[in-house]
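Observations on the three-dimensional arrangement
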Amino acid sequence: MAKDMVRDEWQAVARGWRRWEPMLQSFTWPMSLRMVAAAEVGPGQRVLDVGCGMGDPTLQVAVLVGPHGRVLGIDVAEGMIATARERAAALGLAHVEFRTADVMTMDLPAESFDAVLGRWSLIYVADPPAALARLRGALVPGGRIALSAWAPPEANPWITIPMAALAKVRTLPPTDPAVPGAFHLSQDGALAKALVGAGYQAVGQERVVLSWFAHDPDEFWAVTGDTAGPLASLLAELSAAERAQVKLEVTEGIAKFRAGDVYRIPAQAQLAWGRA
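Read on for a plain summary of the structure. In every chain, residue numbers begin from 1 and rise along the written sequence. pLDDT decides what is reported in this predicted model: residues at 70 or higher carry local features, side-chain atom pairs at 80 or more are listed and counted, and totals for whole chains, interfaces and linings draw on all residues regardless. The side-chain figures draw on all heavy atoms in the structure; neither hydrogens nor water molecules are used.

1. A short note on the packing of helix α7 (residues 157-166) against helix α11 (residues 240-254)
- Whenever a helix is involved, its axis is fitted only over the stretch in contact; in every case the axis is a line through C-alpha atoms, and angles between N-to-C directions fall within 0 to 180 degrees. Strands here mean DSSP runs of E at least two residues long; helices mean DSSP runs of H or I at least four residues long; both are numbered from the N terminus. Packing of α7 against α11 brings their axes to within 9 Å, and their N-to-C directions diverge by 145°. In this structure, α7 meets α11 at a crossing whose hand is right-handed. Contacts from I161, P162, A165 and L166 of α7 reach α11 at V246, E249, V250, G253 and I254.
- Side-chain classes follow a simple rule in which Ala, Val, Leu, Ile, Met, Phe, Trp, Tyr, Cys and Pro form the nonpolar group, Asp, Glu, Lys and Arg form the charged group, and the remainder, Gly included, forms the polar group. Its residues placed into classes, the contact of α7 with α11 shows seven nonpolar, one polar and one charged. Left-handed describes a crossing whose near helix is turned anticlockwise from the far helix by less than a right angle; the clockwise case is right-handed. We call two residues contacting when some pair of their heavy atoms lies within 4.5 Å.

2. Focus on the pairing of strand β3 (residues 96-100)
- Across five bridges, the pairing between strand β2 (residues 70-75) and β3 is parallel. Paired with I74 across the two strands is R99, which belongs to β3.
- Handedness of the β-α-β unit built from β2, helix α5 (residues 78-91) and β3 comes out right-handed. Two strands qualify as a pair provided DSSP detects at least 2 bridges between them. Handedness is read with the strands pointing away from the viewer; a crossover is right-handed when the path from the first strand over the helix to the second is clockwise.

3. Some thoughts on the packing of aromatic side chains
- Ring pairs are drawn from Phe, Tyr and Trp, using the six-membered ring of Trp, whenever the two centres fall within 6.5 Å, and their geometry is named by plane angle: stacked under 30 degrees, edge-to-face over 60, tilted for the rest. A complete count under the given rule lists seven aromatic pairs for this structure.
- Summarising the aromatic geometry, the rings of W120 and W150 are spaced 4.2 Å apart at their centres and angled 10° between planes, so their arrangement reads as stacked. Of this pair, W120 sits in the loop between β4 (113-119) and α6 (128-138) while W150 sits in strand β5 (residues 139-150), placing them 30 residues apart in sequence.
- By relative accessible area, W120 is classed as buried at 12%.
- On the basis of an interplanar angle of 10° and a centroid distance of 6.0 Å, the ring pair of W158 and W212 is categorised as stacked. Here the residue W158 occupies a position in helix α7, and W212 occupies one in strand β6 (residues 201-214), the gap between them amounting to 54 residues. When sorted by exposure, W158 lands in the same class as W212, which is buried.
- Through a chain of ring-to-ring contacts, the aromatic side chains of F27, W120, W150, W158, W212 and F220 assemble into a single cluster. Here the term buried applies to any residue with accessible area under 20% of the maximum for its type, exposed to any over 50%, and partly exposed to those in between, with areas from a 1.4 Å probe on protein chains only.

4. Side note on the side chain of N156
- If you trace the backbone, N156 turns up in the loop between β5 and α7.
- In terms of polar contacts, N156 uses its side chain to reach the side chain of W158, at 2.9 Å.
- Within the local environment of N156, its side chain forms a polar contact with the backbone nitrogen of Q268, the two atoms lying 3.0 Å apart.
- Ignoring anything within four residues of it in the chain, the contact list for N156 reads W150, A151, F183, P266, A267 and Q268. Polar contacts, as used here, are pairs of N or O atoms within 3.5 Å; protein pairs need one atom able to donate a hydrogen and one able to accept it. Residues neighboring in sequence count only if both atoms are side-chain atoms.

5. Focus on the pairing of strand β1 (residues 46-50)
- Extensive coverage of β1 is indicated by the burial of four of its five residues.
- Here five bridges tie β1 to β2, and the two strands are oriented parallel to one another. What sits directly across from V47, in β2, is V71.

6. So, α6
- Those residues of α6 lying buried are P128, A131, L132, L135 and A138. Considered in projection along α6, the buried side chains sweep an arc of 115° and stay on one side of the axis.
- Buried positions along α6 lie against β1, β4, β5 and α8 (190-197). Here the arc refers to the set of directions running from the helix axis out to each C-beta atom.

7. Here's the deal with the pattern of salt bridges
- One side-chain nitrogen of Lys or Arg within 4 Å of one carboxyl oxygen of Asp or Glu is enough to make a salt bridge. Under the counting rule described, the total for this entry stands at 12 salt bridges.
- Here R170 and E242 are joined by a salt bridge, their closest N and O atoms 2.9 Å apart. One end of the pair, R170, is in the loop between α7 and α8; the other, E242, is in helix α11, with 72 residues separating them in the sequence.
- Residues D218 and K247 are paired through a salt bridge, measuring 3.0 Å at the closest nitrogen-oxygen approach. Note that D218 is positioned in helix α9 (residues 217-227) and K247 in helix α11, a separation of 29 residues in sequence.
- Among the residues examined, D218 registers a relative accessible area of 47% and is labelled partly exposed.
- A relative accessible area of 27% places K247 in the partly exposed class.
- Where salt bridges share partners, they join E21, D56 and R87 into one cluster.

Written out as structure tokens, the structure is:
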């Protein structure tokens, strides 16, 4: 099943996400900040983070809502959830809970959350309208939702450069914005349209500019191979000769993004929000 494939792909890179946690956070923090602002997260609130991975932005949200609030993070990959729980314990955040769960099948009591976040998670759901309808039912009247997707491929060389290099030695699925995957719902306005269709009010959408920093091409290659979800599993299957070819093309592809002693590779994401 498609959802089992998604689970297995992200379970396979859970250790890599833990290994590269500081770099991943530096890449994604602008989106996390914008999402909590768009969802108007504040003290005492009950917040659901769908597709929480290893606890981002769940843990930041737990700090914002304070000890009188409650935060639930869910993800289909148990390996991600295990790391999230360890991080929460280390920070002493007793009011955050993590569960291995699927948003389409988990119990979602009516009006049980003040805000819902979904950072790059709805893009892997086969039926976004149904997921959004379930989440709207779980929000209190007037509760807020904030979701993200990636912007179109041309705005994301951090992932399209490795994809183009890999496509020369392996057959890749098409980057169809209508099909679950990295560029699902990537067009301007697509997330907002989905929210309106699911009955949300006061809907808006914007692009968020991100930057992937790497010290050198070797580091960029290592992080990509360890963390890039579906792409990582394909890279792991390459022969030594194929890996060398793909790595060389990736190195050449990111050369133009060198800025002094580091590489700053552009990325853009879509952020949409609404009110139940």
